[in-house]
There are 2 protein chains.
Amino acid sequence: MKFIHTADWHLGKLVHGVYMTAEQREVLRQFVEIVEQEKPDAVVIAGDLYDRSVPPTEAVELLNEILFKINVELKTPIVAIAGNHDSAERLSFGASWFQHSGFYLKGKLDQDFAPVSIKGVNFYCIPYAEPGVVRELLGDDSIQSHQEAMKAIIGKIEEEMNKEEINVFVGHAFVLGGQTSDSERTLSVGGSGCVSIDLFAPFHYTALGHLHSPDAIRHETVRYSGSLLKYSFSEAKQRKSISIVEMKEGGEVTIEERTLIPKRDMREIEGTLEELLDPSRVETEQAEDYLKVTLLDKGALIDPMSKLRQVYPNVLHLDRKIELIDQKKKQNYTSVRDEKKNELDLFSDFYTQMTTDSFTSEKKDIMENIIQGVKLEVEQK
Amino acid sequence: MKFIHTADWHLGKLVHGVYMTAEQREVLRQFVEIVEQEKPDAVVIAGDLYDRSVPPTEAVELLNEILFKINVELKTPIVAIAGNHDSAERLSFGASWFQHSGFYLKGKLDQDFAPVSIKGVNFYCIPYAEPGVVRELLGDDSIQSHQEAMKAIIGKIEEEMNKEEINVFVGHAFVLGGQTSDSERTLSVGGSGCVSIDLFAPFHYTALGHLHSPDAIRHETVRYSGSLLKYSFSEAKQRKSISIVEMKEGGEVTIEERTLIPKRDMREIEGTLEELLDPSRVETEQAEDYLKVTLLDKGALIDPMSKLRQVYPNVLHLDRKIELIDQKKKQNYTSVRDEKKNELDLFSDFYTQMTTDSFTSEKKDIMENIIQGVKLEVEQK
C-alpha cells in the first residue's frame, strides 16, 4: 500500500506582503502530476491546509480545485486533518459528504478515534487540538500539556487498535526527539508545546505536519513531510519535498522523497550594492526569486531598495550588515530582530508584512492612540 | 413534482447584539420535520444561507448539520444558490462533491446556464451577482443595471430552454411589480437595483430570495418565500413561512404556505413603564420575546431598561415617544432615526448593535481619533 505524505500547504499565505498563491498553484500542479504518475492508494495531508482560519477566497478556490482533481478526477482517496492554522469548524463543512468519494477530512477532534482504513492500512487521524480541548473531550483533568494530551489520545486509540494490522498515525504537533533536536532547537521550541517522539511507538508510520522541514526530526517512521514551499527566510536553506511512503506486509516501511520546484525560490543573498547590481554577476534565471538582501556597504545609500528591485523585482526584505565602530550609530534599517520592540513597532512590522501599503505617520498616530487607549482601559480594570 | 421553496436563512445573524443561532436552530428543526412529513422531491434555498461572507463557526456547523440531515439522511435533493450576503467563493467549497448525493449548490455565477433537472422539472439556478460581474461574464458592455443583467441572463437561458418542459427559475434579486408595490415601496426600493417581474414570464415558477416577506410581491408564480425568521423590528408584523410548491403536468402550480414558529417572537409593544410592568397585564408566555419597547411616559425615568428587563429579559431596543410642547426639549433617548447622524453616531449605533458592550467614552475617543485621521487623509489626497 502506497501513499503520499504531505503537510503544511498554508494556502493563502502572505510572505512580507506578497501572496504565495501563484507559487502554491505551481507546486500543486506538480503535486497533481506526481499523483498521476505514482497512482498512490491515498494522499495524506497532515494539517495546515490553509494559512489562517479565514483564508482569502483564492485559497479556498485553489484547495477545492486541487482536492477535487486528486479525489474525484484521479479517484485517489484523501486523508486530511486540520492543523493549528486551520479553523477546525470551517474546514469541516461538507466533510460528511466528502466521505462518499473517499475524501476523509477530520477538522475537529471528537470522541471517534476509529481509523480510516484504506487497502488494509489503518489511518488514525488526529487534528491539532489544544490541551484544554482534549482535557474537556476526554474528561481528564490531569491533561495540562500537549504531551499529556497526545499520550491520552494515543491511549484511547490503543484500546481498540489491532496491533496485528498496519497502523499509521496522522497528526499535527510539535514532536521532539529522534536523532536530531540540537541544543538550539530544544532551547527555542522546548517546553509544554512539545510532544515526545516515543509516544508514536505503537504505529508503523507517523505522518506529521507542523514543522516545515523534512529534517526537523530524524527518525525512520516518525516523520515530517515538510511544507509545500519555503514560507520564511528562516526556511531558505531547507529542502521542500513530499514523501512517498510504501507500507509493506508486516509493517516494513520504505520512503522516497520527491522534490517540488517552485517557480521562484526563496533565497538570501549578500554583497555590496555595486556587486549585487553588476550585470556580469546577476544570475538572470534566478533574479525573480524572493530575496532577502543583506547589503555590506559601509556608507550611506540612496534608496537601495528601488535600485535592487530594478534587477531583482522580488526583493522582500532588505538588511544592512554594518560593523560600526560606535554601536550607537547603528542605522535605522539595520536588523532590529534582537532589539526589544514595543507594541507600535510590532504592529508596524505586522502591518507591512500583511499589506502592501506603507505604515504612514498618519496611520502611526491612529495606532498609537488605540494602543494607549487599550493600555489605559487595562490599567483601569 | 413537489418542492419546498425557502430563502434568506441568514445563519449567523446578529440582531441588536444578540445571535439568532438558537432561534434558527429551532425553526430549522421544524423545517426538517416538515421535510420528513411532506417528503418533497427537492428543497430549494434561494440565497442568503449565511448572513455574511465570513459567518461565525456556529452558523457553519448548523448549516452543515441541517443540509446533511435533509440531503443525506432524508435523501432529499437540495437546490441552493448564493445570495448577496453569502460569499460565492466560500460557499462553493465542496460543491462538486455535493452533487453526487443530489445537493446542487451554485455559489458563483458562471457560463454554465444548464438547469438541474429533478423529476422532470428544470431548475435554472442563478446566484446573486452584481451587474458588473454579469457584464464581464457575458462580455456585454451594455449591461449596467440589475434589470439589464437579469434580462441578459434569462436571454441566455432561453437560448437552450425547452419550453415544452416545466421550468423553474431560482434567483436572488430585488423584484418589483405584480399586484403590490405600493407607492411607499416603489419610492424606497426603486432604482437600478430592481428587476421587473415581467422578465420571469418564461418560467412556470420563480423561487426568489432577497426580500424577507412572502407578501413583498403578489404574483401567482413569481414569489418570495420570505425569510426563516423576523430579522429586524421592521419585520415584526410580517408572517414567516416556507412554501410547498407543486408543479403539475402542463405547468400548473399549486402553493401551500407553512408557518414556522420561533421560540421567541419579535414584537413591538408600547405603554407607560407602569403599564408594561403591571403583573396583571404581562403576557407571561410571551415575556421572553425579542421586544422593541416604546415608552409613553412623559417625565424623567430612572434606568427604565433595567426595570423592563426584569420582566422582559429580551428587550433589544427602547424608544420613548414624547409629545413635547417645546420640540427643543426633546430628550436624548428619543428616537433619533430621523435626525442626521455623524460618523461617530453611526459607528456607535453599529457597535452597540454588533456587540454586547457599551460604547464607553474611552472607546468614543479612540474612534473619534480614527475618524478624524481618515478624514484628514482623504482631504490630503
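Since the structure is predicted, the reported quantities are computational estimates derived from the model, not experimental observations. (Residues numbered from 1 in each chain as written. Chains lettered and ligands numbered in written order. Predicted model: local features only at pLDDT ≥ 70, side-chain atom pairs only at ≥ 80, totals over all residues. Heavy atoms only, no water.)

### Some remarks on the overall build of chain A
- Secondary structure summary: chain A contains eleven helices and 18 strands in total.
- Out of the 381 residues in chain A, the part that is buried amounts to 50%.
- Within chain A, contacts between residues at least 6 apart in sequence are counted, and of these 68% link residues at least 24 apart. (Helix = DSSP H or I, 4+ residues; strand = E, 2+ residues; numbered from the N terminus. Buried < 20%, exposed > 50% of the residue type's maximum accessible area, 1.4 Å probe, protein only. Contact = heavy atoms within 4.5 Å.)

### Section: the pairing of strand β15 (residues 253-259) of chain B
Residues and elements named next belong to chain B.
- The sheet contact formed by strand β14 (residues 241-247) and β15 spans seven bridges and is antiparallel. If you follow M247 over to β15, its bridge partner there is V253.
- Between β14 and β15, which follow one another and run antiparallel, lie five residues, and G250 among them has a positive phi close to 85°. (Pairing = 2+ DSSP bridges.)

### Considerations on the relation of the copies chain B and chain A
- For the pair chain B and chain A, the best superposition has an RMSD of 0.2 Å and corresponds to a rotation of 180° with a translation of 0.1 Å parallel to the axis. The two molecules are tied by a two-fold rotation axis, judged by turn and shift.
- Of the interface residues in chain B, 100% have counterparts in chain A that sit at the interface too, so the contact is made through matching surfaces. (Least-squares fit on C-alpha atoms with pLDDT ≥ 70 in both.)

### As for the pairing of strand β5 (residues 78-81) of chain B
All names here are of chain B.
- Here β5 shows no split at all, with I78 and A80 on one side and V79 and I81 on the other all buried.
- Where strand β4 (residues 42-46) meets β5, four bridges bridge the pair, whose relative direction is parallel. Residue pairing across strands places A46 opposite I81, the latter belonging to β5.
- In the classification by handedness, the crossover that spans β4, the intervening helix α2 (residues 57-73) and the parallel β5 is right-handed.
- Where β5 meets strand β6 (residues 103-106), four bridges bridge the pair, whose relative direction is parallel. Bridged to A80 within β6 is L105. (Right-handed = clockwise from strand over helix to strand, strands pointing away.)

### Re the packing of helix α11 (residues 361-380) of chain A against helix α11 (residues 361-380) of chain B
- Where α11 of chain A meets α11 of chain B, the axes come as close as 10 Å, and the angle between the chain directions of the two elements is 180°. Classified by the angle their axes make, α11 of chain A and α11 of chain B are roughly antiparallel. Contact residues: α11 of chain A offers E362, K363, I366, N369, I370, G373, L376 and E377 of chain A, while α11 of chain B offers E362, K363, I366, N369, I370, G373, L376 and E377 of chain B.
- Split into classes, the residues belonging to the contact of α11 of chain A with α11 of chain B amount to six nonpolar, four polar and six charged. (Axes fitted to C-alpha atoms, helices over the stretch in contact; angles between N-to-C directions. Parallel < 35°, antiparallel > 145°, perpendicular 65-115°, else oblique. Nonpolar A, V, L, I, M, F, W, Y, C, P; charged D, E, K, R; others polar.)

### Comments concerning α11 of chain B
- Over its 20 residues, α11 of chain B runs 28 Å from end to end, which matches the ideal 28 Å to within 8%, given 1.5 Å per residue.
- Within α11 of chain B, the full set of buried residues consists of E362, K363, I366, M367, I370, I371 and G373 of chain B. (Expected span 1.5 Å × (residues − 1).)

### A short note on the interface of chain B and chain A
- Each side of the interface is counted separately: chain B has 36 residues, and chain A has 36 residues.
- For the pair chain B and chain A, the two sides together bury roughly 3,000 Å², of which 66% comes from carbon and sulfur.
- Per-residue buried area on chain B facing chain A is highest for R90, F93 and W97 of chain B; these three make up 27% of the total on that side.
- Seen at the junction of chain B and chain A, the total is two salt bridges.
- The salt bridge partner of K108 of chain A is E61 of chain B, with a shortest N-O separation of 2.8 Å.
- At the boundary of chain B and chain A, one finds ten residue pairs in polar contact (both at pLDDT 80 or more).
- Mapped onto the side of chain B that touches chain A, the elements with two or more residues apiece are α2, α3 (88-92), α4 (95-98) and α11 of chain B. (Buried area = accessible area lost by both parts, 1.4 Å probe. Salt bridge = Lys/Arg side-chain N within 4 Å of Asp/Glu carboxyl O. Polar contact = N/O pair within 3.5 Å; in protein donor to acceptor, adjacent residues only side chain to side chain.)

### Notes on the pattern of salt bridges
- Summed over the entire model, instances satisfying the criterion amount to 50 salt bridges over all chains.
- Of the charged contacts, one joins K292 of chain A and E268 of chain A as a salt bridge, the two residues approaching to 3.6 Å between their closest N and O atoms. Placement of the pair is K292 of chain A in strand β17 (residues 290-295) and E268 of chain A in strand β16 (residues 266-271), with a sequence separation of 24 residues.
- For E33 of chain B, the salt bridge is made with R29 of chain B, and the minimal N-O distance between the two is 2.7 Å. Of this pair, E33 of chain B and R29 of chain B both sit in helix α1 (residues 21-38), four residues apart, which is roughly one turn of that helix.
- Through salt bridges with shared partners, one network takes in K2, E38, E256 and R258 of chain A.

### Thoughts on the sheet that holds strand β1 (residues 2-6) of chain A
Residue and element names in this part refer to chain A.
- The strand order across the open sheet built from six strands is β6-β5-β4-β1-β14-β15, with neighbouring strands paired in mixed fashion. Two strands in the sheet have a free side with no partner beyond their single neighbour: β6 (103-106) and β15 (253-259). This sheet shows a mean twist of 20° between the axes of neighbouring strands, independent of strand direction.
- As judged from the four bridges shared by β1 and strand β4 (residues 42-46), these two strands associate in the parallel manner. Considered in β4, the bridge of F3 is made with A42.
- Sheet strands touched by helix α1 (residues 21-38): β1, β4, β14 (241-247) and β15. Its angle to β1, the strand with the most contacts, is close to 170°.

### Description of the confidence of the model for chain A
Residue and element names in this part refer to chain A.
- Within chain A, residue pLDDT values average 88, and 90% of them lie at 70 or more.
- Taken as a whole, residues 179-190 scores under 50 in pLDDT and shows 14 contacts with residues more than four places along the chain or in a different chain.
- Segment residues 324-338 is flagged for pLDDT under 50; beyond a separation of four residues in sequence, or across chains, it makes 15 contacts in the model. (pLDDT = per-residue confidence, 0-100.)

### Overview of the side chain of R267 of chain A
Residue and element names in this part refer to chain A.
- Among the structural elements, R267 can be located in strand β16.
- A polar side-chain atom of R267 sits 3.2 Å from the main-chain carbonyl oxygen of Q286.
- Not counting the four nearest positions on each side in its chain, R267 is found in contact with F233, A236, E283, Q286, D289, Y290, L291 and K292.

### Observations concerning the packing of aromatic side chains
- A full pass over the atoms with the stated rule returns 29 aromatic pairs over all chains.
- One aromatic cluster in this structure is built from F68, F93, W97, F98 and F103 of chain A together with F68, F93, W97, F98 and F103 of chain B. (Phe/Tyr/Trp six-rings, centres within 6.5 Å; stacked < 30°, edge-to-face > 60°.)

### Here we look at the sheet that holds strand β12 (residues 205-209) of chain B
All names here are of chain B.
- Spatially, the five strands line up as an open sheet ordered β7-β8-β9-β12-β13, and their pairing is mixed. Two strands lie at the open edges of the sheet, namely β7 (116-118) and β13 (222-224), each paired on one side alone. Across the sheet, the mean angle separating the axes of adjacent strands is 25° when strand polarity is ignored.
- Sheet analysis places strand β9 (residues 166-172) next to β12, joined by five bridges and oriented parallel. Of the residues in β12, the one forming a bridge with V170 is A207.

### Remarks on the environment of D51 of chain A
Residues and elements named next belong to chain A.
- Of note, D51 is situated in the loop between β4 and α2 (57-73).
- For the pair D51 and D86, spaced 35 residues apart in the sequence, the C-alpha separation amounts to 6.7 Å.
- Among all residues touching D51, those that are not within four sequence positions of it are H10, L11, G12, K13 and H85.

### Topic: the nonpolar core
- If you look at the biggest cluster of nonpolar residues, it comprises 88 residues, and the most contacted ones within it are W9, F31 and L67 of chain A together with W9, F31 and L67 of chain B.
- Setting aside anything within four residues of it in sequence, one finds W9 of chain B in contact with Q24, L28, F31, I45, G47, D48, L49, L63, I66, L67, L228 and Y231 of chain B.
- Membership of the second largest hydrophobic core comes to 30 residues, among which are A149, F169, V175 and I217 of chain B. (Core = buried A, V, L, I, M, F, W, Y, C linked by side-chain atoms within 4.5 Å.)

### Regarding the environment of D357 of chain B
All names here are of chain B.
- Residue position: D357 is located in the loop between α10 (343-354) and α11.
- D357 sits in the partly exposed class, given a relative accessible area of 42%.
- Taking C-alpha positions, D357 is 8.8 Å from G17, a pair spaced 340 residues apart along the chain.
- In this structure, D357 is in contact with Y351, T352 and K363, ignoring residues within four places of it in sequence.

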